[in-house]
Amino acid sequence: LDAVRDPATRVLLHKRIAELAEAGGDADTARQRLVAAVQAGATDSATLLELVRLTRQTGSPQELSSVLLRLAEAAAHDAYAELADVDENIGNLTGAIHASRELLAIDPSDRGARSTLERLLGRAERWQDLAELLADGVKRGAPPEEQANTLSRLVHVQLERLRDVPGALTSLRTLSAT
């Protein structure tokens, strides 16, 4: 399966082999294939729940602990993502912002969560929080084009919303250096 370049296809193949192995009575091979699927990028709760079940049967307590931790992280991510959506839809921007912050705490590199939080902070007119989030985004080592885009949004918030001319000038100097 190493020859398969597409990670999603590799995950699907590992999962299918796991199904066939378990159907054939080989729970240990099924567990190993699901481990490989997770290593290839599977993060969905259903795959992790299946891996927990098989690890309880054939794995060590240390392996079970590791899989349960991954499941907890995936479940928390999924729950916070849905909570942010629900709270935004019912007009609870404070709750949606909190859930989005929790998503970023789980995975600071989650671009979707960062983008959602930016949008929510703007809707709530929480300009200082938005400026801090954008400044943090600049520091995360994104590609130059993305960094320049984030800096330009930061300058806009600093000038138009916060009236922070010195801060905007500092950001502009950083932008011109990228």
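Residues numbered from 1 in each chain as written. Predicted model: local features only at pLDDT ≥ 70, side-chain atom pairs only at ≥ 80, totals over all residues. Heavy atoms only, no water.

(A) Region of the structure containing unusual backbone geometry. Unusually for a residue other than glycine, Glu-125 sits at a positive phi of about 55°. Within the secondary structure, Glu-125 sits in the loop between helix 6 (111-123) and helix 7 (127-139). For Arg-163, which is not glycine, the phi dihedral falls at a positive 55°. Relative to the elements of secondary structure, Arg-163 occurs in the loop between helix 8 (144-161) and helix 9 (165-177). (Helix = DSSP H or I, 4+ residues; strand = E, 2+ residues; numbered from the N terminus.)

(B) Quick peek at the nonpolar core. If you look at the biggest cluster of nonpolar residues, it comprises 18 residues, and the most contacted ones within it are Leu-117, Leu-121, Leu-130 and Val-157. At the level of elements, helix 5 (93-106), helix 6, helix 7 and helix 8 are the ones that each hand at least two residues to this core. Among the elements that make up this core, the one with the highest residue count is helix 7 (six residues). In contact with Val-157, not counting residues within four places along its chain, are Trp-127, Leu-130, Ala-131, Leu-134 and Leu-162. With 14 residues, the next largest nonpolar core counts Ala-30, Leu-48, Leu-54 and Leu-64 among its residues. (Core = buried A, V, L, I, M, F, W, Y, C linked by side-chain atoms within 4.5 Å. Buried < 20%, exposed > 50% of the residue type's maximum accessible area, 1.4 Å probe, protein only. Contact = heavy atoms within 4.5 Å.)

(C) Spotlight on helix 3 (residues 45-58). The end-to-end C-alpha distance of helix 3, which contains 14 residues, comes to 20 Å, matching closely the 20 Å that a straight helix rising 1.5 Å per residue would cover. Taken residue by residue, helix 3 has Ser-45, Thr-47, Leu-48, Leu-51, Val-52, Leu-54 and Thr-55 as its buried positions. Looking at the buried side of helix 3, the elements it contacts are helix 1 (7-23), helix 2 (27-39) and helix 4 (61-89). (Expected span 1.5 Å × (residues − 1).)

(D) Here's a closer look at the packing of helix 2 against helix 3. Running from amino to carboxyl end, helix 2 crosses helix 3 at an angle of 140°, the nearest separation of the two axes being 9 Å. Judged on the interaxial angle alone, helix 3 and helix 2 are oblique. For the crossing formed where helix 2 meets helix 3, the hand is left-handed. Packed against helix 2, whose contacting residues are Ala-27, Asp-28, Ala-30, Arg-31, Leu-34, Val-35 and Val-38, the element helix 3 presents Thr-47, Leu-48, Glu-50, Leu-51, Leu-54, Thr-55, Gln-57 and Thr-58 at the interface. For the contact of helix 2 with helix 3, the per-class residue count stands at eight nonpolar, four polar and three charged. (Axes fitted to C-alpha atoms, helices over the stretch in contact; angles between N-to-C directions. Parallel < 35°, antiparallel > 145°, perpendicular 65-115°, else oblique. Left-handed = near helix turned anticlockwise from the far one by under 90°. Nonpolar A, V, L, I, M, F, W, Y, C, P; charged D, E, K, R; others polar.)

(E) Here's a closer look at the side chain of Arg-31. Following the sequence through the fold, Arg-31 ends up in helix 2. Here Asp-28 takes part through its side chain, which lies 3.1 Å from a polar atom of the side chain of Arg-31. Excluding its chain neighbours within four sequence positions, the residues that come into contact with Arg-31 are Leu-51, Leu-54, Thr-55, Thr-58, Gly-59 and Glu-63. (Polar contact = N/O pair within 3.5 Å; in protein donor to acceptor, adjacent residues only side chain to side chain.)

(F) Local environment of helix 2. With 13 residues, helix 2 should cover 18 Å at 1.5 Å per step; its first-to-last C-alpha distance of 18 Å lies within 8% of that length. Among all positions of helix 2, only Ala-27, Ala-30, Arg-31, Leu-34, Ala-36, Ala-37 and Val-38 are buried. Residues of helix 2 that are buried sit in contact with helix 1, helix 3 and helix 4. Directly beyond the C-terminal end of helix 2, a positive phi value near 125° is found at Gly-41.

(G) Region of interest: the environment of His-98. Topologically, His-98 is positioned in helix 5. On the basis of relative accessible area, His-98 is assigned to the partly exposed category, the value being 45%. Sequence separation between His-98 and Ala-148 is 50 residues, and the spatial gap between their C-alpha atoms is 27 Å.

(H) Main features of the environment of Gly-59. Tracing the sequence through the fold places Gly-59 in the loop between helix 3 and helix 4. For Gly-59 and Gln-128, which are 69 residues apart along the polypeptide, the C-alpha to C-alpha distance reads 49 Å. Setting aside its immediate chain neighbours within four residues, Gly-59 contacts Arg-31 and Leu-54.

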